[in-house]
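Summary of the model geometry
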Amino acid sequence: MAELIGPRLYCCCNCRNHVALHDDVISKAFQGRNGRAFLFSHAMNIVVGPKEDRQLMTGLHTVADVQCGDCREVLGWKYERAYEETQKYKEGKFILEKSKIAKENW
């Protein structure tokens, strides 16, 4: 009998809570606070913190830190607003740091 294989997921590195689908990866070429990061179109089982303006490598953005919904580990941030026209595509998207997530079902 064939095994059922679910979608490829990313989970919190701390508690293994599922936080994103591999199919929602937009780019793996982003920089987080602690190194490489991935840009996702969606995230799940997370808590979005308060909005704040932050000067990032690509200019001023309004962002909100995102935490694991179970253990509250800070995993990255959500882009709420981009002030530069060339960065508007990031609005509503999520940065999850590679060092804070792990692969599951690969």
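Data block above holds the structure.
As the structure is a prediction and not an experimental result, all values here were calculated from the model. (Residues numbered from 1 in each chain as written. Predicted model: local features only at pLDDT ≥ 70, side-chain atom pairs only at ≥ 80, totals over all residues. Heavy atoms only, no water.)

1. Some points on the nonpolar core
If you look at the biggest cluster of nonpolar residues, it comprises 13 residues, and the most contacted ones within it are Tyr10, Val19, Phe40, Ile46, Leu75, Leu96 and Ile101. Of all elements in the fold, only β1 (9-12), β2 (18-21), β4 (35-40), β6 (59-68) and β8 (94-97) reach the threshold of two or more residues within this core. Listed in part, the 8 residues of the second largest apolar core include Phe30, Ala37, Leu39 and Ile95. (Core = buried A, V, L, I, M, F, W, Y, C linked by side-chain atoms within 4.5 Å. Buried < 20%, exposed > 50% of the residue type's maximum accessible area, 1.4 Å probe, protein only. Helix = DSSP H or I, 4+ residues; strand = E, 2+ residues; numbered from the N terminus.)

2. A look at the environment of Arg81
If you trace the backbone, Arg81 turns up in strand β7 (residues 74-82). Residues Arg81 and Asp53, 28 residues apart in the sequence, show an inter-C-alpha distance of 8.8 Å.

3. Overview of the sheet that holds strand β3 (residues 25-32)
Taking strand neighbours across the sheet as the criterion, the 6 strands line up as β3-β4-β8-β7-β6-β5 in an open arrangement whose pairing is antiparallel. With one partner strand each, in any of the chains shown, β3 and β5 (46-56) form the two edges of the open sheet. Taken pair by pair, the neighbouring strands of this sheet meet at an average axis angle of 30 degrees, ignoring direction. Two strands pair when backbone bridges link them, and β5 and β6 are joined in this way by 9 bridges, in the antiparallel orientation. Bridge assignment links Leu56 to a residue of β6, and that residue is Gly59. (Pairing = 2+ DSSP bridges. Axes fitted to C-alpha atoms, helices over the stretch in contact; angles between N-to-C directions.)

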